[in-house]
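Architecture at a glance
Given next are the chains, with one letter for each unit.
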Number of protein chains: 4
Amino acid sequence: MSFNTFGHMFRVTTFGESHGVAIGCVVDGCPPLIELGAEDIQRDLDRRRPGQSRFTTQRQEADAVKILSGVMAHPETGVQVTTGTPIGLLIENTDQRSKDYSEIKDKFRPGHADFTYEAKYGLRDYRGGGRSSARETAMRVAAGAIARKVVPDIRVRGALVQMGPYKIDRDKWDWDEVARNPFFCPDRDKAAFFEEYLDGIRKKGSSIGAVIEVVAEGVPAGLGAPIYGKLDSDLAGAMMSINAVKGVEVGAGFGAAELSGEENADEMRTGNNGTRFLSNHAGGILGGISTGQPVVVRFAVKPTSSILTPRRTVDRSGAETEILTKGRHDPCVGIRAVPVGEAMMACVLADHFLRHRGQVGAR
Amino acid sequence: MSFNTFGHMFRVTTFGESHGVAIGCVVDGCPPLIELGAEDIQRDLDRRRPGQSRFTTQRQEADAVKILSGVMAHPETGVQVTTGTPIGLLIENTDQRSKDYSEIKDKFRPGHADFTYEAKYGLRDYRGGGRSSARETAMRVAAGAIARKVVPDIRVRGALVQMGPYKIDRDKWDWDEVARNPFFCPDRDKAAFFEEYLDGIRKKGSSIGAVIEVVAEGVPAGLGAPIYGKLDSDLAGAMMSINAVKGVEVGAGFGAAELSGEENADEMRTGNNGTRFLSNHAGGILGGISTGQPVVVRFAVKPTSSILTPRRTVDRSGAETEILTKGRHDPCVGIRAVPVGEAMMACVLADHFLRHRGQVGAR
Amino acid sequence: MSFNTFGHMFRVTTFGESHGVAIGCVVDGCPPLIELGAEDIQRDLDRRRPGQSRFTTQRQEADAVKILSGVMAHPETGVQVTTGTPIGLLIENTDQRSKDYSEIKDKFRPGHADFTYEAKYGLRDYRGGGRSSARETAMRVAAGAIARKVVPDIRVRGALVQMGPYKIDRDKWDWDEVARNPFFCPDRDKAAFFEEYLDGIRKKGSSIGAVIEVVAEGVPAGLGAPIYGKLDSDLAGAMMSINAVKGVEVGAGFGAAELSGEENADEMRTGNNGTRFLSNHAGGILGGISTGQPVVVRFAVKPTSSILTPRRTVDRSGAETEILTKGRHDPCVGIRAVPVGEAMMACVLADHFLRHRGQVGAR
Amino acid sequence: MSFNTFGHMFRVTTFGESHGVAIGCVVDGCPPLIELGAEDIQRDLDRRRPGQSRFTTQRQEADAVKILSGVMAHPETGVQVTTGTPIGLLIENTDQRSKDYSEIKDKFRPGHADFTYEAKYGLRDYRGGGRSSARETAMRVAAGAIARKVVPDIRVRGALVQMGPYKIDRDKWDWDEVARNPFFCPDRDKAAFFEEYLDGIRKKGSSIGAVIEVVAEGVPAGLGAPIYGKLDSDLAGAMMSINAVKGVEVGAGFGAAELSGEENADEMRTGNNGTRFLSNHAGGILGGISTGQPVVVRFAVKPTSSILTPRRTVDRSGAETEILTKGRHDPCVGIRAVPVGEAMMACVLADHFLRHRGQVGAR
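Given the structure is predicted, the values throughout are model-derived calculations rather than measurements.

So, how was this worked out
Residues numbered from 1 in each chain as written. Chains lettered and ligands numbered in written order. Predicted model: local features only at pLDDT ≥ 70, side-chain atom pairs only at ≥ 80, totals over all residues. Heavy atoms only, no water. Contact = heavy atoms within 4.5 Å. Buried area = accessible area lost by both parts, 1.4 Å probe. Salt bridge = Lys/Arg side-chain N within 4 Å of Asp/Glu carboxyl O. Polar contact = N/O pair within 3.5 Å; in protein donor to acceptor, adjacent residues only side chain to side chain. Nonpolar A, V, L, I, M, F, W, Y, C, P; charged D, E, K, R; others polar. Helix = DSSP H or I, 4+ residues; strand = E, 2+ residues; numbered from the N terminus. Buried < 20%, exposed > 50% of the residue type's maximum accessible area, 1.4 Å probe, protein only. Lys, Arg positive; Asp, Glu negative; His and termini not counted. Expected span 1.5 Å × (residues − 1).

Quick word on the interface of chain D and chain C
- Facing the 108 residues of chain D at the interface are 108 residues of chain C.
- Together chain D and chain C conceal approximately 8600 Å² of surface at their shared face, both sides included; 58% is due to carbon and sulfur atoms.
- Looking at the side of chain D facing chain C, the largest losses of area belong to Lys120, Tyr228 and Lys246 of chain D, adding up to 11% of the total buried there.
- Applying the counting criterion to the chain D and chain C interface returns 6 salt bridges.
- Of the charged contacts in the structure, one is a salt bridge between Glu320 of chain D and Arg269 of chain C, with a shortest N-O distance of 3.3 Å.
- Counting across the interface, chain D meets chain C through 63 residue pairs in polar contact (both at pLDDT 80 or more).
- A breakdown of the residues in the side of chain D that touches chain C according to their chemical character gives 48 nonpolar, 39 polar and 21 charged.

Structure, rendered in structure tokens:
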């Protein structure tokens, strides 16, 4: 990952600011002859789109994606397919309210990237967070939708597994439930609880953190490029690059620190389809290479930094002041991180699938 | 990070297996005119070297590093300095016992990379873990020693902060203590406790996990390359690439999931040296860019997979069997991960320092 | 250079097909605080734009570039400047005539990339050459316009120095003349001759090759990253990546094969501004690093492959047939390669300037 | 190509100076299960080795290569094969005469990289050219020997086709002749002539340039990654990175500037094995992708800059002086560039083979 590009064989480059003309993305290295229409991408974008419940920012964006290049109607079938050349994607920013930025133009919002962008570049785009806005993640989701088509046998799904101190009950995990509540929560009871809990937080203008889990099933054994392109290393980098993420773990994760060697080692038996593991503390990755088990990644998302309680800060001149961030914001930005985390997982797996095929052949 | 190279401007490429002729490394992109002798590197290597206490593997390696290229006596001062060309490093493997590998040659050790290397490459170097051995980390430490010299104003230190379920008392944190016990533990009392605790684990042939914290002080504000080369993203990838690491977090980390926006936002005041933060939940990074505060990273290390209790597994033919890993091993491989984590932090910071200087100039 | 991205610190990613919705480009790694407006880019684009004389394709494209991101009005001066984040550029394709492609849809045009795209990807965009169209070079010119602003003290100029077998008279070289004729030719007399010569070729539906020379003045000594990122190596790769280029040379170039060591070695004296070279057979580059002299690169462009004389070919089914390429084409595609060559030179120099500043600091 | 690494999937990193302890190389990304012994590499190194005739430098180096990692005896066959992990190679420098460098330590040798390395890095390794020595090319040849095994169906051969103004007679081209004379010359009569011609140059302490041609047969159609990873673009960069090379061309090359569209377009017919081209002006590459025809590249090598005639120069203090380079040197350094050019061709093709297989699959 380098500047605004990630991936090696399946390469994604994004551009665009929150309140500019448009945001966009170039997906390069995609194999040819894959069926791809804008609707395939739109479907995933719609899951991430804000304004769908009172628990996400009320910014209203159609987030209508256009494919600018890299596809054509197949000369024989007429179905639109990838050509192997770069796929350009564009989403125009439609909801650029002519807002009053005077409050935040010169003040650094605590927890935001205001201070650091200014420190790095000597200026910052204060309109809606500029480049550091969560809006950029729309293009990750778009790229992820294409990545899924590169590895059609892999199923990538995500869920919110913790909000504030409240964790879901894993015995009640139901993937179907995820689409039924506004939290992507797989535990029906907890989802009901979160509704009330988050309403309380929202009403007082506060925010709360969350933990997201992303699971990829159907990953073949052998993906990963040790030592410095390990599958888990790339996943950790990918998840940590999502806005507001502060921690990433694979399989047993931080819990592995408390395990003994006997407990942690996933034993093996022979099953109908080859080797079968009796547990998955490894989260589907050993030595940086996939085992064939589900790849399981969790990441922690900090609470939204935009809150209605005044916080002490300084302005560009160094003068001490206070700030209070009004406007359209998510009380739990972790919610919308679910489809983003899925997208990053899909992109990393597609990249490693192509890299593996390059080095080792097969398939 | 790609295959066996990491970094963009400060690039590290390693090679070598546990029981081959030698392990080595090429550090490319290092600025010229930096004083560098083998002893600068050896000092860090000696901190990682096994066999220094009964709590690390009894493998006896001198780990004597040779600088093969990239340095010369300065024509005027006579002091050995870097030339700006690639620095080749080599450590010969001296302790390659003519061991009997028949037990592990055909069986996959649970928790190790045996199964996955075989799945990926069609064969694996069964001698001492081959490429996936922790021995590779010696070259990371060597590269890290050079990285420290690229950013001399940054101080990188690491410590073991948890072993099994036992966390250190942060009020008792004493950096000087780290060098005084075999655990790199900054809490004197806990170190004494760990001595007894780990002895018990060692004697029954078991192992235990740990959590390591690495802190970089003196990092200037402005390092980091959003969106996909964020400082925290690169640190997460770097730490997760260390053998046996299963989780990485920055600042408040997973704890951030439980914080409210009010608690999490690090407020700012103006101090004598510019902006001063009143807390550091961010771990020194906002929006992927350093704030000027200490950069704080923690990572979880799983327990050593080589244990003396038999575990169920399969062999290369698919037959079910059991395995018990004899030999020289660490009861807590997390201990030696401390200097490795420091090295990865130093390498990432050196890389970002050069990248920042390239794009923005200054300094 | 990898897939559709080139450069390391100054990175350019392009996308788009000749007859798609739009072509675009992302310029990443650009330093912040550089004044940049669309008009700065448009100026260079207009020099490359087709349809300005009867000697270039009559395709009518406004080639109006839009800046989608990466710039903002400076908070103090109000002048639009770069922000350090990726600069997205877009040019909509306005002249997509609903042309009849039945003639070329299934036949491979000799000299074009039809056969090879089909061999690689299993299909090809037959509309106007798709991705392999010279249209893509518009984005190179756009990126080059930004690159020029990164290295404002460097002046990059190009000229056509040979058409068919006719070379210019170097004693008559006049840079001002380049803008006065439709050939970018610095020799006034030869330009007059080319007018007649090329008219003859154009009228019989034929085409002819050319040689272009690009000169960069004001390049500081020290740019270049040996061994595999040599300045001349990157320039050779960059020029050879331009459509229809078949050869690249630096300084004395292929002529160096005929020189003796005495003739070739550029002797040095001390001048008012440091070291002064008495000749420049090296073309401003020694050991892959700039000498401070003008960097001089020449490249050969093959004749346009689209001609009005029928050529033997095969179709997608393997059947033998003939083809004749009608339509809007350049009798000497080398002419429009002049601003493209300048752009590639500017991009490579900007990239190396940033890379050098990263590794060595200074400036 | 970046600093001291080239290639994307098949990655080569070299290190080492002419008069240091050793030179070395890491080949990363090589597929597993390829038979590889040191003797496979040594064979190619011996072709490049100096001191084999009076026409190359009399430096006596055994150039004995050691494989440090990345191979093992196959568990079933016992044959040494690659493991898919990085292959470390080392050649110790045995002929480091304790030479007197006082003459060149402070003076810049015209035509050499002395001035530019000093300008870039603030110092230079004056011993034997340091990093810019042709000695580095030994590691390219070593890497090339491995690359050949990655693409065993491709045959890469090189030849000297011009020395000074004298070109070979292409009608007399005999590949078998290349191994029979000290010039890698495929024209027996011209080889005899060169013997006398170069003796004259050698005796008067002068030197002369040359042109080398490298041909790859058996390259499948479809290799190449447009737009910025075109096969010809990568080949141009690779050849231009070889010491003393000043020009590169593909197929008709600079001659294409003088061709008409009718002459240049390689017509196609259907043959027994698919499409057959009636000529190869393209040099086996169209639109950056291989056509299936032989890939033909030529490059110009300047005359050795070390000559016995004094040349005007300056020293590090800026004082004007003269220099005359004594010692062991090649009168025509182009000769030894033949195996180096072959190696670069093999490396680029292996890299593109793996990249293509990654993106498009097949094979």
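Structural notes on the side chain of Arg131 of chain C
- Position of Arg131 of chain C relative to the elements: it lies in the loop between α3 (114–121) and α4 (137–150).
- Put simply, Arg131 of chain C is tucked away with no salt bridge, and the nearest opposite charge, on Glu136 of chain C, sits 4.2 Å away.
- A distance of 3.0 Å separates a polar side-chain atom of Arg131 of chain C from the backbone oxygen of Gly16 of chain C.
- Once you skip the residues sitting within four places of it in the chain, Arg131 of chain C turns out to touch Thr85 and Pro86 of chain A, Asn4, Thr14, Phe15, Gly16, Glu17, Tyr117 and Glu136 of chain C together with Ile227 of chain D.

Some details on the environment of Gly24 of chain B
- Inspection of the secondary structure assignment puts Gly24 of chain B in strand β3 (residues 22–28).
- Sequence-distant contacts of Gly24 of chain B, defined by excluding residues within four places in its chain, comprise Thr13, Thr14, Phe15, Leu89, Leu90 and Met139 of chain B.

Examining helix α5 (residues 188–203) of chain D
Residue and element names in this part refer to chain D.
- Look at α5: 23 Å from first C-alpha to last across 16 residues, which is about the 22 Å you get at 1.5 Å a residue.
- All buried positions along α5 are accounted for by Ala191, Phe194, Tyr197, Leu198, Asp199 and Ile201.
- Close packing links the buried residues of α5 with β8 (155–163) and β9 (166–167).
- The backbone nitrogen of Asp189 lies 3.1 Å from a side-chain oxygen of the residue at the head of α5, namely Asp187.
- In the stretch just after α5, Gly205 is the one whose phi turns positive, near 75°.

Quick word on the interface of chain A and chain D
- At the interface, 13 residues of chain A touch 13 residues of chain D.
- Taking both partners together, chain A and chain D bury about 990 Å²; carbon and sulfur atoms supply 55% of that area.
- Inspection of the region where chain A meets chain D yields 0 salt bridges.
- On the surface where chain A and chain D come into contact, there are 9 residue pairs in polar contact (both at pLDDT 80 or more).

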